[in-house]
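Here is how the chains run, residue by residue.
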Amino acid sequence: MDVTTLTAHRCRELLAAGEVSAVELTRAYLDRIAATDGAVQAYLAVDAAGAVAAAAAVDAKPRGERLPWEGVPIGLKDVLCVKGMETTCGSRILKGYIPPYDATVIAKLRDAGLIFLGKLNMDEFAMGSSTENSAFQTTRNPWDLDRVPGGSSGGSAACVAASEAPWALGTDTGGSIRQPASLCGVVGLKPTYGAVSRYGLVAFASSLDQIGSLTRDVRDAAALLDLIAGRDPRDSTSIGLPEPVGEPGRTSLEGLRFGVIGELIGDACEPGVREVFDSAVDAIGTLGGVCEEVSLPSVERGIAAYYLIAPSEASSNLARFDGVRYGHRTAESEDLYEMYVRTRSEGFGAEVKRRIMIGTYALSAGYYDAYYAQAQRTRTLIIQDFARAFAAFDFLISPTSPSVAFKIGERTADPLSMYLSDLCTIPVNLAALPGISIPAGFSAGLPVGLQIIGPHFSERGMLGAAHALEHHLRVNVMPPLAAPEAAR
Ligand code: GLN
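The text that follows walks through the structure, step by step, so that each part is easy to find. Source: prediction; values computed, not measured.

### Some remarks on the overall build of the protein
Alright, step 1. Helix and strand counts for the protein come out as 15 helices and eleven strands.
Alright, step 2. Relative to its length of 488 residues, the protein is compact, with a C-alpha radius of gyration of 21 Å against a globular reference of 23 Å.
Alright, step 3. Projected onto the principal axes, the alpha-carbon positions of the protein cover approximately 65 × 55 × 45 Å.
Alright, step 4. The burial tally for the protein puts 62% of its 488 residues in the buried class.
Alright, step 5. A sequence separation of at least 24 residues applies to 76% of the contacts in the protein between residues at least 6 apart.
Alright, step 6. As displayed, the protein offers around 17500 Å² of accessible surface, 52% of which is attributable to carbon and sulfur atoms.

### A short note on the nonpolar core
Looking at soluble globular proteins, one finds that nonpolar side chains tend to be buried together.
Alright, step 1. In terms of nonpolar packing, the biggest core is built from 158 residues, with Phe125, Trp167, Leu169, Phe386 and Leu396 touching the most fellow members.
Alright, step 2. Looking at this core, the element that brings in the most residues is helix 2 (residues 22-40), giving nine residues.

### Quick notes on empty space enclosed by the protein
Which parts of space are left empty comes out when a probe the size of a water molecule is rolled across the atoms.
Alright, step 1. Counted by the stated rule, this structure contains two cavities of 30 Å³ or more.
Alright, step 2. Forming the boundary of the largest cavity are 13 residues, of which Ala126, Gly128, Ser176, Tyr306 and Asp422 lie nearest the centre.
Alright, step 3. For the lining of the largest cavity, the residue count by class is five nonpolar, six polar and two charged.
Alright, step 4. Put simply, the second largest cavity is a space of about 30 Å³.
Alright, step 5. As for the second largest cavity, its lining consists of Ser182, Leu183, Val273, Ser401, Ser403, Val404, Pro447, Val448 and Gly449.

### With respect to the site of the ligand
Alright, step 1. As a matter of local geometry, the ligand sits amid 15 residues, with Gly174, Ser176, Tyr306, Arg355 and Asp422 nearest to it.
Alright, step 2. Gly128 is positioned such that a nitrogen or oxygen atom in its backbone is 2.8 Å from an oxygen atom of the ligand.
Alright, step 3. Taking Gly174, its main chain carries an N or O atom lying 2.6 Å from an oxygen atom of the ligand.
Alright, step 4. Coverage of the ligand by the protein chains reaches 100% of its 290 Å² of free accessible surface.
Alright, step 5. Tallied by class, the residues present in the shell around the ligand amount to five nonpolar, seven polar and three charged.

### A short note on the pattern of salt bridges
Alright, step 1. Counted under the stated rule, the structure contains 17 salt bridges.
Alright, step 2. With a shortest N-O distance of 2.9 Å, Arg147 and Asp144 are connected by a salt bridge.
Alright, step 3. The class of Arg147 is buried, set by a relative accessible area of 17%.
Alright, step 4. The exposure class of Asp144 is partly exposed, given its relative accessible area of 22%.
Alright, step 5. Between Glu292 and Arg257 there is a salt bridge, and its shortest N-O distance comes to 3.5 Å. Of this pair, Glu292 sits in strand 8 (residues 290-294) while Arg257 is found in strand 7 (residues 257-261), placing the two residues 35 residues apart along the sequence.

### Remarks on the pairing of strand 9 (residues 395-399)
Alright, step 1. Counting buried residues along strand 9, five of its five residues qualify, which places the element largely inside the surrounding structure.
Alright, step 2. Across three bridges, the pairing between strand 7 and strand 9 is parallel. Bridging from a neighbouring strand, Phe258 pairs with Phe395 of strand 9.
Alright, step 3. Bridge analysis of strand 9 against strand 11 (residues 446-453) gives four bridges, and the strand direction is antiparallel.

Thresholds, definitions, all that
Residues numbered from 1 in each chain as written. Predicted model: local features only at pLDDT ≥ 70, side-chain atom pairs only at ≥ 80, totals over all residues. Heavy atoms only, no water. Helix = DSSP H or I, 4+ residues; strand = E, 2+ residues; numbered from the N terminus. Rg over C-alpha atoms; globule rule 2.2 N^0.38 Å. Buried < 20%, exposed > 50% of the residue type's maximum accessible area, 1.4 Å probe, protein only. Contact = heavy atoms within 4.5 Å. Areas by Shrake-Rupley, 256 points an atom, 1.4 Å probe, with all protein chains shown as cover. Core = buried A, V, L, I, M, F, W, Y, C linked by side-chain atoms within 4.5 Å. 1 Å grid on protein atoms, 1.4 Å probe; cavity = no way out; pocket = protein on both sides within 12 Å on 5 of 7 lines; lining within 4 Å. Points joined across faces, edges and corners; volume = space filled by probe spheres on them. Nonpolar A, V, L, I, M, F, W, Y, C, P; charged D, E, K, R; others polar. Near = heavy atom within 4 Å. Polar contact = N/O pair within 3.5 Å; in protein donor to acceptor, adjacent residues only side chain to side chain. Salt bridge = Lys/Arg side-chain N within 4 Å of Asp/Glu carboxyl O. Pairing = 2+ DSSP bridges.

As structure tokens, this is what we get:
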């Protein structure tokens, strides 16, 4: 049996039954990474020694005394601080930075006994939709190695699709979990803002960032959310979930009303994506749910508002990278000011510099009202549109991404075409809502995701609905690369 093709739940069952040891399981993933990651390039760093040692400690405990998830491996996006493990955010400016502490989500997973396989590639500071903005390497889509995995959590999505981890953590500021999940054919969950602590997550846009999961199925997404959610005194914006999500057992959609967001299924959407989306709408009907189109006029302004709000917050958050406190410092400089300038010029990539400049401009005294304040007013309109829609519908749906995975290099020269990748996901972050992408089918052999959006803190119901659809659609989530001999 190839244990690397299993869900985290199956890994847990095999461990509990003593059919596989934690060390065997961990080694199977490390072997898989050695065989396929040369082609996929999902991992920035693999901690083989640390993972095997942690697994051996699990094996040393009597099985009856172990916690439920003890010994199950996981991959981690490199934006999460892990004590003693280099954390770069895909940026040269953080090269060599080794956090002295664990992010709250990491501490929770450590306490639960999960095994950390390593850190996963990402767009620099999570800015991007293809992982091509990483300063270090280009991650490839396991379904077609000439295509991008999406981003910014491209390493997390690709590693799960390529069976290089049973599940992974990612982060989502405007779509960075759901869009790569869609492009790689896995499940991506972005929780309600505040459900999960952001302490130890290197900040991009603090009012939008949330940590979430990339998994092979909806059950695993529910379990991982229950492991990481919760109020944290170290993050004053965290609230936790009103109740644990538990096991999403739902198989019917009887009694549920789904609103199809009209503005997100128009011309921007590729025909192949639209076809898969339409068949998902039919599937909802077959399962007893009701679908009806609903208009949320302001979501069309989501990208414009986001590209003022997110860069504004980023320009402020990234001011801390000054060569004094973390990572890279320029080799030579005459004085302190030159040290700052040279460190930041050398350390940040082009997209990060672009965002810092846009954000600084939008917040400057003369332009604040025209840009930043206007974007915030637009954000309020988006929040109100969603609130109105949720008065009539239990959930809203759309394609997750307007296109399937695009070719490496295709959009790098045109930032605006890259920004459009998040047309359907960005409004969800602006309104602080939970969203999930599940594999819904294929267009020309490439995965297409369906996005389900719920009201604030409706994760339990949203995952239940996602489970029913997943169960019905039964989309293959194993790319051909899953056979190791297929790896180049
Ligand atoms: N692609 C969007 C951006 O570049 C969203 C990224 C994210 O969710 N981290 O900002």
